[in-house]
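Architecture at a glance
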Amino acid sequence: MSQFWYCLKHHAVEGPDGCKAKDRLGPYDSEAEASRALDKVEERNEAWDGGDASDGDDAEGEPRA
């Protein structure tokens, strides 16, 4: 099975012989999935920002007592 990564340095989908791991997101099972990597990151960030406060911080970002 082939795996694919999204390169943050080149803004392109790469195979296993691409850039260093620190510059990539993945692995993904398909090129199509890898090409949506930044969309996935944005979706997850929006979900996190709009989610509940179960991380232990209050609305101002201060830890709860």
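Just above, that's the structure.
Our subject in this report is the structure included herewith. These figures come from a predicted structure and were not determined experimentally.

**So, the overall build of the chain**
When helices and strands are tallied, the chain shows 2 helices and 3 strands. Secondary structure elements of the chain occur, N-terminal to C-terminal, as β-β-β-α-α. Classification of the 65 residues of the chain by burial places 17% in the buried group. Accessible area of the chain: about 5,200 Å², with a carbon and sulfur share of 48%.

**Section: a negative patch on the surface**
On the surface, D39, E42, E46 and D49 cluster together into a negatively charged patch. Topologically, E46 is positioned in helix α2 (residues 37-50).

**Focus: the environment of K22**
Tracing the backbone through its elements, the reader meets K22 in the loop between β2 (12-14) and β3 (24-28). Sequence spacing of K22 and C7 is 15 residues, and the spatial spacing of their C-alpha atoms is 9.2 Å.

**Comments concerning the packing of aromatic side chains**
One pass over the structure, following the stated rule, counts 0 aromatic pairs. When the ring centre of W5 is taken as reference, the NZ or CZ atom of R24 above it lies at 4.3 Å.

**Some thoughts on the pattern of salt bridges**
With the rule as written, the count across this model stands at 2 salt bridges. A salt bridge links E14 to R24; its shortest N-O distance comes to 3.7 Å. Taken together, the residues E14 in strand β2 and R24 in strand β3 connect sequence positions 10 residues apart. A single burial state applies to E14 and to R24, both of which are buried.

**Some words on the environment of R36**
Within the secondary structure, R36 is located in the loop between α1 (31-35) and α2. Once the C-alpha coordinates of R36 and Y6 are considered, the two residues, 30 residues apart in sequence, prove to be 8.4 Å apart.

Rules and cut-offs
- Residues numbered from 1 in each chain as written.
- Predicted model: local features only at pLDDT ≥ 70, side-chain atom pairs only at ≥ 80, totals over all residues.
- Heavy atoms only, no water.
- Helix = DSSP H or I, 4+ residues; strand = E, 2+ residues; numbered from the N terminus.
- Buried < 20%, exposed > 50% of the residue type's maximum accessible area, 1.4 Å probe, protein only.
- Areas by Shrake-Rupley, 256 points an atom, 1.4 Å probe, with all protein chains shown as cover.
- Patch = residues over 30% accessible without salt bridge, like charges linked within 9 Å, V, L, I, M, F, W, Y side chains within 5 Å.
- Salt bridge = Lys/Arg side-chain N within 4 Å of Asp/Glu carboxyl O.
- Lys, Arg positive; Asp, Glu negative; His and termini not counted.
- Charge placed at Lys NZ, Arg CZ, Asp CG, Glu CD.
- Phe/Tyr/Trp six-rings, centres within 6.5 Å; stacked < 30°, edge-to-face > 60°.
- Lys NZ or Arg CZ within 6 Å of the ring centre and 35° of its normal.

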